[in-house]
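# Report on the structure
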Amino acid sequence: MTSGTAEEFTSHRPRMFGLAYRLLGSAEEAEDVVHDAYLRWSGADRASIEHPAAWLARVVTNLCVNRLTSARVRRERYVGPWLPEPVFTRDGSLGPLESAEQRDAVSTALLVLLERLTPTERAVYVLREAFGYSYRDIAEVLDLSEANCRQSYRRAVQRVATAERRFAPAAKRRNELVESFVRAAREGDLAGLEKLLAEDVTWWSDGGGKVTAARRPLVGRDRVVRFLAGVARRVPDGLVLTVAEVNGSPALVAHTGRQLVAVASFEVRDDAVIEVQVVMNPEKLVFAERQFAASAPTV
């Protein structure tokens, strides 16, 4: 393989990683898919590839669709709630996030909703919503008819639709709420935390059976505050809480030195936190921890 061919693949790599991550919800698996795509690229007849970006998108998408079929079985056996792997996004790892729509496309909440879709529906939705593909282009990527792609997209939109997302506050207010939450958590201010939570707040903890975590979602302000009071009594020495951009939105990052302990994402509505999604499974923090270490002392 010539260096020029390798360089050309490298130029497409960020977009391919972003596509694979949105399809899989796993940064580690996305890296594996991009590596597999590179192997196929290196062995392909370059003269037959008229449009490298389109060729790679097709390879990556179909590799992901194959993985999603087996991933569904694994997630049904997963211990406790399953959440997507967090990715720090200020460094551009998931591509440009300059608009609310681009940020929403990589949000933890949306990636959770995408788990409701079949592999094909998810691929159609991501290609259409996040990458602006036409139905004709999607049909070519997935080897389907345009009519089939349109139908899959309509089903996907219906299954991930949620009225609550229409009432999310402006980005500035969202940032203020998260920063206030982190500040109250640092100070052990349970009363302050309670004021920030919606009455029907839901707390999700993804420990994957690897660390102690709630195996069912906690619903309701009182239950969540009692849970946080218990957590406060078990905080390890040296634990630091910071705010960083994760999946396009401000998140709480708990770490000791350069080792990540947990990453919490927030959904807000009507000036209150309505959902907290906490990833604690060490296996799901591997990619983010590499990012964190590379950017230390700040994220």
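Note that the structure is predicted; figures quoted are calculated from it, not measured.

## Re the sheet that holds strand E5 (residues 259–269)
In space, the six strands of this open sheet follow the order E2-E1-E6-E5-E4-E3, with mixed pairing throughout. The two strands at the open ends of the sheet, each matched to only one other strand, are strand E2 (218–219) and strand E3 (240–246). As defined by bridge partners, E5 adjoins strand E6 (residues 272–279) across seven bridges and the pair is classed as antiparallel. Bridge pairing in E6 places Val-268 opposite Val-273. The strands touched by helix H9 (residues 171–187) are strand E1 (197–206), E3, strand E4 (249–256), E5 and E6; relative to E3, the strand with the most contacts, the crossing angle is about 160°. Docked against the sheet, helix H11 (residues 221–232) engages E1 and E2, running at close to 50° with respect to E1.

## A word on H9
Along its 17 residues, H9 runs 24 Å from first to last C-alpha, staying within 8% of the 24 Å computed at 1.5 Å per residue. By the burial criterion, the buried members of H9 are Arg-174, Leu-177, Val-178, Phe-181, Val-182 and Ala-184. The buried residues of H9 occupy an angular sector of 165° when the element is viewed end-on, so they sit on one face. Exposed positions of H9 whose direction lies more than 90 degrees from the buried face are Lys-172 and Glu-187. The inward-facing, buried residues of H9 contact helix H10 (190–196), E1, E3, E4, E5 and E6. Backbone geometry just downstream of H9 places Gly-188 in the positive-phi region, at approximately 65°.

## Looking at the packing of aromatic side chains
With the rule as written, the count across this model stands at nine aromatic pairs. Both rings, one in Phe-9 and one in Tyr-38, keep their centres 5.0 Å apart while their planes meet at 70°; by these two values the pair is edge-to-face. In this pair, Phe-9 is assigned in helix H1 (residues 3–24) and Tyr-38 in helix H2 (residues 27–43), connecting sequence segments 29 residues apart. Look at Phe-17 and Phe-287: their rings are 5.4 Å apart centre to centre, the planes differ by 20°, and that puts the pair in the stacked class. With Phe-17 in helix H1 and Phe-287 in helix H12 (residues 286–295), this residue pair connects regions lying 270 residues apart in the sequence. Pair check on accessibility: Phe-17 and Phe-287 agree, each one buried.

## Focus on the environment of Ala-44
Mapped onto the elements of the fold, Ala-44 is located in the loop between H2 and helix H3 (52–76). Look at Ala-44 and you get partly exposed, because its relative accessible area is 23%. Other than its neighbours up to four places away in sequence, Ala-44 contacts Ile-49 and Trp-55.

## Examining the packing of H3 against helix H6 (residues 119–129)
Running from amino to carboxyl end, H3 crosses H6 at an angle of 130°, the nearest separation of the two axes being 9 Å. One way to sum up the angle between H3 and H6 is to call them oblique. The element H3 and its partner H6 pack so that their crossing is right-handed. Between H3 and H6, the residues in contact are Thr-61, Val-65, Leu-68, Thr-69, Arg-72 and Arg-75 and Pro-119, Arg-122, Ala-123 and Leu-127, respectively. Looking at the contact of H3 with H6 residue by residue, the class counts come to five nonpolar, two polar and three charged.

## Observations regarding the pattern of salt bridges
Under the counting rule described, the total for this entry stands at 19 salt bridges. With a shortest N-O distance of 2.6 Å, Arg-122 and Glu-115 are connected by a salt bridge. By relative accessible area, Arg-122 is classed as buried at 2%. Taking the shortest distance from any N to any O, the salt bridge between Glu-140 and Arg-136 comes out at 4.0 Å. Within this pair, Glu-140 and its partner Arg-136 are both found in helix H7 (residues 135–142), separated by four residues, close to a single helical turn. By sharing partners, the salt bridges in this structure join Glu-29, Asp-36, Arg-67 and Arg-74 into a single network.

Reading the values: rules and limits
Residues numbered from 1 in each chain as written. Predicted model: local features only at pLDDT ≥ 70, side-chain atom pairs only at ≥ 80, totals over all residues. Heavy atoms only, no water. Pairing = 2+ DSSP bridges. Helix = DSSP H or I, 4+ residues; strand = E, 2+ residues; numbered from the N terminus. Contact = heavy atoms within 4.5 Å. Axes fitted to C-alpha atoms, helices over the stretch in contact; angles between N-to-C directions. Expected span 1.5 Å × (residues − 1). Buried < 20%, exposed > 50% of the residue type's maximum accessible area, 1.4 Å probe, protein only. Arc of directions from axis to C-beta. Phe/Tyr/Trp six-rings, centres within 6.5 Å; stacked < 30°, edge-to-face > 60°. Parallel < 35°, antiparallel > 145°, perpendicular 65-115°, else oblique. Left-handed = near helix turned anticlockwise from the far one by under 90°. Nonpolar A, V, L, I, M, F, W, Y, C, P; charged D, E, K, R; others polar. Salt bridge = Lys/Arg side-chain N within 4 Å of Asp/Glu carboxyl O.

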